[in-house]
Protein chains: 2
Amino acid sequence: MSLSLNQWTTRHWTLPEAVDGCVRHGLEAIGLWREKVAETGLAQSVKLVRAAGLRVSSLCRGGFLTSGDGTAFAQALEENRRAIDEAAELEAACLVLVVGGLPGVQPGEPLPGAFGRDLAGARERVAEALAELAPYAGERGVKLALEPLHPIYCPDRAVISTLGQALDLSLPFPEEQVGVVVDTFHVWWDPRLFEDIARVGSRIASYQVCDYLHPLPADVLLGRGMMGDGVIGFRPITAAVQAAGYGGDVEVEIFNAEIWAADPDEVVATMKARYEEVVLA
Amino acid sequence: MSLSLNQWTTRHWTLPEAVDGCVRHGLEAIGLWREKVAETGLAQSVKLVRAAGLRVSSLCRGGFLTSGDGTAFAQALEENRRAIDEAAELEAACLVLVVGGLPGVQPGEPLPGAFGRDLAGARERVAEALAELAPYAGERGVKLALEPLHPIYCPDRAVISTLGQALDLSLPFPEEQVGVVVDTFHVWWDPRLFEDIARVGSRIASYQVCDYLHPLPADVLLGRGMMGDGVIGFRPITAAVQAAGYGGDVEVEIFNAEIWAADPDEVVATMKARYEEVVLA
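The shown structure was predicted, so the numbers you read here are calculated from the model rather than taken from an experiment.

## Some thoughts on the interface of chain A and chain B
Contacts between chain A and chain B engage 34 residues on the former and 34 residues on the latter. Taking both sides of the interface into account, the surface hidden between chain A and chain B amounts to around 2,600 Å²; carbon and sulfur atoms contribute 66%. Scanning the region where chain A abuts chain B turns up zero salt bridges. Counting across the interface, chain A meets chain B through eight residue pairs in polar contact (both at pLDDT 80 or more). By residue class, the composition of the side of chain A that touches chain B is 19 nonpolar, eight polar and seven charged.

## Looking at helix α4 (residues 70-90) of chain B
Residues and elements named next belong to chain B. Spanning 21 residues, α4 covers 30 Å between terminal C-alpha atoms, matching the ideal 30 Å at 1.5 Å per step. Burial in α4 covers these residues: F73, A76, L77, N80, R81, A83, I84, E86, A87 and L90. Two or three places before T71, at the opening of α4, D69 has a side-chain oxygen 3.3 Å from that residue's backbone nitrogen. Positive phi shows up at E91, right after α4, with a value of about 50 degrees.

## Brief notes about the side chain of T184 of chain A
Residues and elements named next belong to chain A. Looking at the secondary structure, you find T184 in helix α7 (residues 184-187). When its relative accessible area of 0% is taken as the criterion, T184 is described as buried. Those residues within four positions of T184 in sequence are excluded, and the remaining contacts are Y207, Q208, V209, C210, I232, F234 and I237.

## A few points about the pattern of salt bridges
All names here are of chain B. According to the stated counting rule, one finds 38 salt bridges over all chains in the structure shown. Note that R224 is salt-bridged to E253, the shortest N-O span being 3.3 Å. Note that R224 is positioned in strand β9 (residues 224-225) and E253 in the loop between β10 (249-252) and α10 (257-261), a separation of 29 residues in sequence. Residue R224 is classed as buried on the basis of its relative accessible area of 3%. Ionic pairing is found between D229 and R274, a salt bridge with its closest N-O pair at 3.0 Å. With D229 in the loop between β9 and α9 (234-243) and R274 in helix α11 (residues 264-279), this residue pair connects regions lying 45 residues apart in the sequence. Classification of D229 by relative accessible area gives partly exposed; the value is 41%.

## A few points about the UniProt feature "domain: Xylose isomerase-like TIM barrel" (unreviewed entry) in chain A
The sites that carry the UniProt feature "domain: Xylose isomerase-like TIM barrel" (unreviewed entry) are, in the present numbering, residues 22-263 of chain A. Span residues 22-263 of chain A is 40% helix and 17% strand, its end C-alpha atoms 14 Å apart.

## Remarks on the nonpolar core
L146 of chain A together with L146 of chain B are the most contacted members of the largest nonpolar core, which has 184 residues in total. Non-local contacts of L146 of chain A, meaning those with residues more than four positions away in its chain, are made with L97, V99, L130, I160, A166, L169, S170, V178, G179, V180 and V181 of chain A. Core analysis: the next-biggest nonpolar cluster, separate from the first, contains 11 residues, W33, C60, V96 and A145 of chain B among them.

## A word on the relation of the copies chain A and chain B
In the superposition of chain A on chain B (RMSD 0.0 Å, axial shift 0.0 Å), the rotation amounts to 180 degrees. The two molecules are tied by a two-fold rotation axis, judged by turn and shift. The position closest to the rotation axis in chain A is occupied by the C-alpha of A218 of chain A, lying 2.3 Å away.

## So, helix α3 (residues 42-52) of chain A
All names here are of chain A. All buried positions along α3 are accounted for by S45, V46 and V49. Buried residues of α3, seen end-on, are gathered within an arc of 100 degrees and therefore sit on one face of the element. Pointing more than 90 degrees away from the buried face of α3 are the exposed residues A43, K47 and A51. Tucked inside the fold, the buried residues of α3 contact α1 (15-24), β2 (29-33), α2 (34-40), β3 (55-63) and α4 (70-90). Phi turns positive one or two residues past the end of α3, at G53, with a value near 75 degrees.

Basis of the calculations
- Every chain begins its residue count from 1, and numbering advances along the sequence as written.
- Whichever chain is written first becomes A and whichever ligand is written first becomes 1, with later ones labelled in order.
- Local features are withheld for residues below a pLDDT of 70 in this predicted model, meaning they are given only at 70 or higher, and side-chain atom pairs are given and counted only at 80 or more; totals for whole chains, interfaces and linings count all residues.
- Side-chain numbers here rest on the full set of heavy atoms in the structure, without hydrogens or water.
- Residue contacts follow a heavy-atom distance rule, with two residues in contact if any of their heavy atoms lie within 4.5 Å.
- Accessible area that two parts lose when put together, with a 1.4 Å probe and added across both, is what the buried area reports.
- When a carboxyl oxygen of Asp or Glu is within 4 Å of a side-chain nitrogen of Lys or Arg, the pair counts as a salt bridge.
- In protein, a polar contact means a hydrogen-donor-capable atom and an acceptor-capable atom, both N or O and within 3.5 Å, with residues adjacent in sequence counting only if both atoms are side-chain atoms; elsewhere, any N or O pair within 3.5 Å suffices.
- In this classification, the charged set is Asp, Glu, Lys and Arg, the nonpolar set is Ala, Val, Leu, Ile, Met, Phe, Trp, Tyr, Cys and Pro, and all remaining amino acids, among them Gly, are polar.
- Secondary structure is summarised from DSSP: a helix means a run of H or I of at least four residues, a strand means a run of E of at least two, and numbering begins at the N terminus for each.
- One less than the number of residues in a helix, times 1.5 Å, gives the span that helix is expected to have.
- Think of it in three bands: residues with accessible area under 20% of the maximum for their type are buried, residues over 50% are exposed, and the middle band is partly exposed, with areas taken using a 1.4 Å probe on protein chains only.
- UniProt positions are given in the numbering used here, feature names are shortened, and annotations may be inferred rather than shown by experiment.
- The nonpolar core is taken to be a set of buried Ala, Val, Leu, Ile, Met, Phe, Trp, Tyr and Cys residues, with the residues joined through side-chain atoms within 4.5 Å.
- Least-squares fitting of one copy onto the other uses the C-alpha atoms of those residues that reach a pLDDT of at least 70 in both copies.
- It is the directions from the helix axis to the C-beta atoms that the arc portrays.

Shown next, in the form of structure tokens:
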């Protein structure tokens, strides 16, 4: 396993700056975001990561596939096909899917006047969307990576809340087409975590680490902390992921106002040190 | 099933006021809190609820049984024995257990300098505590009710995060001694919810309803809302609880600054109306 910088951890760096930062700190891989790729341009982004000799450990992100409105659902599928195309160009190890919350609830926004409370229906639409997208991804050599998000994000970001649930949704598809993300922030509390990591086995498409801060900040999206700053005991999780056969990159993806305000080079240096100190099994 | 007022919903009412309120609004049951019982006195509390002809649908709460320190663990057991004694006097249908979070982390407080990240160990201590407390409860005719809390409370309040986990912890004991709480706020997101409610069956010791607000307020403990004000679709959950055989009281327990600031009589009236409108299957 090898450490990878998810570029949102150093979100004030442009893509070229993040690529340079990885090289400067001796990292072999980077996790990219579509917004950042678009800012630099897809072709230029591909050129830069190849010239730097970096692996693209993931592209973030596709998803938001729970709308009950036919037109909106079709538009979401089309947007995801574009994301798959980009992941193919970048030769990303996977395209991360944040599947979306309750229909009509926008990420990070207050509840609107009307929205859907049919959680089971939203989950069914994710399965339908996967049936559309998995073959398309497969034809382009892209693996979709279903990311279970902490249940706190169930209303607005992801109706997939556990690793076991993500695995069950992936099983109808070849594992080259659909895998799952193990992100410590989202799954550390799960009483079935270790049994589900073993069950997931070679379906693990990405292992992402960051800590879970407590108490969470008012904007719960920013509750991700540097490893060692929160409540997670990483070593048993890393050991389980390794025992399941995962040998890919380990991405650090931190959404955190203080870390974003800090010198990105210091953040990357701390990230490397903490990875050795508290994450490695 | 019959509606019950958990007295924390009208927390500014004393126990006598809450008992009067239940009678005035035609409720047959009340859920009590130990703090409120202590304020009025145990004997007087018993007298008041009996005179009013109310069932005590639950006593809140025992728990906080995860300390790795032998002395603190023994003290916690002793405190829980006192709570069991009180539940017996009150003839409460169950004593709710909020089992405690990571050792050294205090409920609602920031992380201390030193605390335990051994989540598995904390969970083992809950099992050990149950083995001590269940026979004691059984001898006094008290049922312990394990409450899984939303994973957001895993660091500081409950290392039991799912209904399935609570059930598994209860299974070594007779169901007269250890049951589980289904609280919609805590479990609505769980992808295994319906299968686990069926599996829990007659182990359901209490069904509690309130809504899950989104976004949560800065103090996440106060994210509980009046039914209909949040994201939960109640009817399928109520139907599943009934299908599992539950015929006890349905408690409404809301921690919410606005509701606490409102006229308690209006809160109870709204609670009764919403129960009919959105909760009943």
